[in-house]
Amino acid sequence: MKRAGLEAILADMTISEKVGQLLQLAPMFYKGTLTEGEITGPMAEMGITQEVSERAGSVLGSATAAEMMAIQEEYLKTSRLGIPLIFMADVVHGYKTIFPIPLAIGATWDVALAERMADISAREATAAGLQVTFSPMVDLVRDPRWGRVMESTGEDSYLNSEMAASFVRGYQGDATKLAENHEKIAACVKHFAAYGAAEAGREYNTVDMSMRELYQHYLPAYEAAIQAGSKLVMTAFNVVDGVPATGNEWLMRDVLRKEMRFDGVLISDWGAVKEIVNHGTAGNAAEAAEQSLRASVDIEMMTTCYLENLEALIADGTVAVGLLDEAVMRILELKNDMGLFEDPYRGLKTNPERQKVILSAEHRAAAREIAADSMVLLKNEHAVLPLATEKRVALVGPLAKTQDVLGAWSWLGDTRDAVSVEDGMFAQFDTVDVAGAASTEHITEAEIAEMVRVAQNADVIVLALGEASNRSGEANSIATIRLPEAQYSMIDALHKIGKPVVTVLFNGRPLDLHGLLEKSDALLEAWFPGTEAGNAVADILSGKVNPNGKLPMSFPYTTGQIPVYYNHLSTGRPADAADAQEHYVSHYLDIPNQPLFDFGFGLSYTTFDYRHLTLSSDTISINQPLNISVTVKNTGNIAGKETVMLYIQDLVGKVSRPRKELKRFEKIMLAPNESQTVTFQITEEDLRYYKPNLDFSSDPGDFKITIGTHLEAKFCLV
Ligand code: GLC
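Cut-offs used in this document
Residues numbered from 1 in each chain as written. Predicted model: local features only at pLDDT ≥ 70, side-chain atom pairs only at ≥ 80, totals over all residues. Heavy atoms only, no water. UniProt positions renumbered as here; feature names shortened; annotations may be inferred. 1 Å grid on protein atoms, 1.4 Å probe; cavity = no way out; pocket = protein on both sides within 12 Å on 5 of 7 lines; lining within 4 Å. Points joined across faces, edges and corners; volume = space filled by probe spheres on them. Helix = DSSP H or I, 4+ residues; strand = E, 2+ residues; numbered from the N terminus. Nonpolar A, V, L, I, M, F, W, Y, C, P; charged D, E, K, R; others polar. Contact = heavy atoms within 4.5 Å. Pairing = 2+ DSSP bridges. Expected span 1.5 Å × (residues − 1). Buried < 20%, exposed > 50% of the residue type's maximum accessible area, 1.4 Å probe, protein only. Near = heavy atom within 4 Å. Polar contact = N/O pair within 3.5 Å; in protein donor to acceptor, adjacent residues only side chain to side chain. Areas by Shrake-Rupley, 256 points an atom, 1.4 Å probe, with all protein chains shown as cover. Sits in = over half its atoms within 2 Å of the grid points.

In the annotation of an unreviewed UniProt entry, the protein chain is listed under the name beta-glucosidase and assigned to Listeria booriae. Entered under Sequence similarities (unreviewed entry) in the UniProt record, the comment concerning the protein chain runs "Belongs to the glycosyl hydrolase 3 family." In its Catalytic activity (unreviewed entry) section, the UniProt record describing the protein chain reads: "Hydrolysis of terminal, non-reducing beta-D-glucosyl residues with release of beta-D-glucose."

Structure, rendered in structure tokens:
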């Protein structure tokens, strides 16, 4: 429909109809509903009448085509102006074919895989009737106590930005063609802004940082998603500089809409409009509604501050009707961009065959490949891995048999579709004896005894352990980043047997691996791999896939070391610059400064040698980019993928600059003895950073390059 048509509809709408468009409800409130939908927040009594739901503008958390078509059909029967509903839900790492959690997608360092994951998610989700996904979540994270680190792609703004843009491209394709391309879905980047910096990792807690830190590290990935065309943005629950994001006019109008040039739909997070009252910056729901509309929040998710107050606020002149009209128009434009006025079912009625793509063999194969490439080999003493498939394997532990391998935010998936580690190992290894445990939290003596018994006759012990899916994700923060305590006695009992122990770790966050690492000969970080988990694990353990994941987030030495991240500042007394005897340096008495495992760490079954670091010049300028080349050789006898990472250090700045900053990365595949020269180009723009006055610029001076584990070079910006 042309814009004039939308303007005519807007002109025809009553205030009551306009306010209704700003309301988003779960499916249970609509005629035609089959389920209550995905409930991901508090469900206070909302007092929603049938009349209200017939005016509401959108639905969140419906799961099936049958339900969404039924709701739409019933709704349009009573819609005076024929404005269709739009259906949104959290398709975060897959719809029915569940992919690894986003933190694991980050560990692939493969933007093409990320885009493919999003594309498949869109195909399945749109076949089920969804039109918007509340993804990508691009909150930068440095605190694994926070349960939602599983939903992020990690601690670095450059990696997160590259991943964010890839997710959006995969979901939306060409964003100008969403009306005709029914297999693409609108993306909603979240949570704006800086939700990942919750103090102490406690869910929904206060966020507080300098403006410079916000701009330097936390905002870039949202901007990358917006530049990639994300149709929606979702507000964060937290305050930004003391003002709740959802009612923060500066953050939303000045930063998001003016500086980042976002002109799409801004949706609140669940209940976040009303929670402005809890934050104490609104005395009541009417003030919360006023603040949110002034901040240009277009849709209120699952609370009714707009519904109950906007008409009165406009009638008494507190709020100009223009603010309401601009919100309604953005919603109408979104619906129009999705083609909903022409076809409220986006082809579902005419092409029900589309649902056959859901959980197709092709999609499962992609999930298996991506899961294997997301796994990170953290230890492999004496090359105990890969395992010959003739070896007699004792597969033990609480994650050996379970299909709870999808991870949080997989509510549209079904664990019954998941391949357990047991199934995956049975398919590839000749002899596998299994002894599991019913829970990750409580492991009985009898279960341990059975694990020990099956281990006695085995050549190798494969210990599948870790967290349950629901120990990470929203509202699942933990204060101590260790395994559930019950697992340590199991680990000790198995270690005492004296056979090789290959540990496969399932978790939604970095953990303190003491008590496990030293008792494992090999340790594979599997995260939550999704529907094809067991096959992907077996692919790695058998060597069918050479592990190639790299950590997107540091693994702290212990909880007390949090926050620990790779791009930290030098401090005035860096421990690694002083002599080892010097006491008065930045250090701990009881642990090292370094994390247990660094950002970017990951082993392979082969080895790679980096040589011939060459620069096209020893200077760079605004008109002269710099080419940086390095030759990488596979010096082992197994083909493997390697992620080549370029880090830069600004040696002197107007503010203290990080010891290293990721600026480029490229994943390459090398056959045994094969070499490849990788060339990165950087420009002066890559050297810009935020000054205290938020000026974003570079300064002339020296820079250090680091590639691989030891190659360094310097250049100068002139
Ligand atoms: C939740 C989450 C948000 C999600 C929304 C809808 O509270 O914070 O990420 O998209 O509600 O489910």
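Thoughts on the layout of surface pockets
Regions of empty space are outlined by a rolling probe, equal in size to a water molecule, passed over the atoms. In this structure, the largest pocket encloses a volume near 1500 Å³. Forming the walls of the largest pocket are 46 residues, and the residues nearest its centre are Tyr566, Gln594, Asp598, Phe599 and Lys660. Those elements that place two or more of their residues in the lining of the largest pocket are strand 17 (608-615), strand 20 (640-650) and strand 25 (701-707). With five residues, the single largest contributor to the lining of the largest pocket is strand 20. Class assignment for the residues of the lining of the largest pocket results in 18 nonpolar, 19 polar and nine charged.

Points about the environment of Gly32
Mapped onto the fold, Gly32 is located in the loop between strand 1 (23-25) and helix 3 (50-53). Expressed as a C-alpha distance, the spacing of Gly32 and Ser656, which sit 624 residues apart in the sequence, is 59 Å. Leaving out residues up to four positions away in the same chain, Gly32 has contacts with Glu67, Ala70, Ile71 and Glu74.

As for the sheet that holds strand 25
Sheet strands line up and pair through hydrogen bonds in the backbone, either parallel or antiparallel. Taking strand neighbours across the sheet as the criterion, the five strands line up as 18-26-25-20-21 in an open arrangement whose pairing is mixed. Two strands bound the open sheet, and with one partner strand each, they are strand 18 (619-620) and strand 21 (661-670). When strand 18 meets strand 26 (residues 711-717), the two strands line up parallel, connected through two bridges. Looking across to strand 26, one finds that Ile620 is bridged to Leu717.

Side note on helix 15 (residues 361-374)
For helix 15, spanning 14 residues, the distance from its first C-alpha to its last is 20 Å, which sits close to the expected 20 Å at 1.5 Å a residue. Along helix 15, the positions that sit buried rather than exposed are His363, Arg364, Ala366, Ala367, Ile370, Ala371, Ala372, Asp373 and Ser374. Packed against the buried residues of helix 15 are helix 5 (102-108), helix 6 (111-127), strand 11 (376-380), helix 19 (533-542), strand 20 and strand 21.

Quick look at the sheet that holds strand 9 (residues 265-267)
Read from one edge of the open sheet, eight strands run 9-6-5-4-3-2-1-10, paired in parallel fashion. Sheet topology places strand 9 and strand 10 (300-301) at the edges, where each strand pairs with a single neighbour. One ladder, built from three bridges, connects strand 6 (residues 232-235) with strand 9; its direction is parallel. Within the sheet, the bridge partner assigned to Met234 lies in strand 9 and is Ile267.

Some points on the site of the ligand
In the vicinity of the ligand lie 15 residues, with Thr40, Asp90, Arg148, His191 and Asp269 positioned nearest. Arg148 is positioned such that a nitrogen or oxygen atom in its side chain is 2.7 Å from an oxygen atom of the ligand. In isolation the ligand exposes 310 Å². Once the protein is present, 100% of that is buried. Placement of the ligand is best described as lying within the largest cavity. In the shell around the ligand, the residues fall into seven nonpolar, two polar and six charged.

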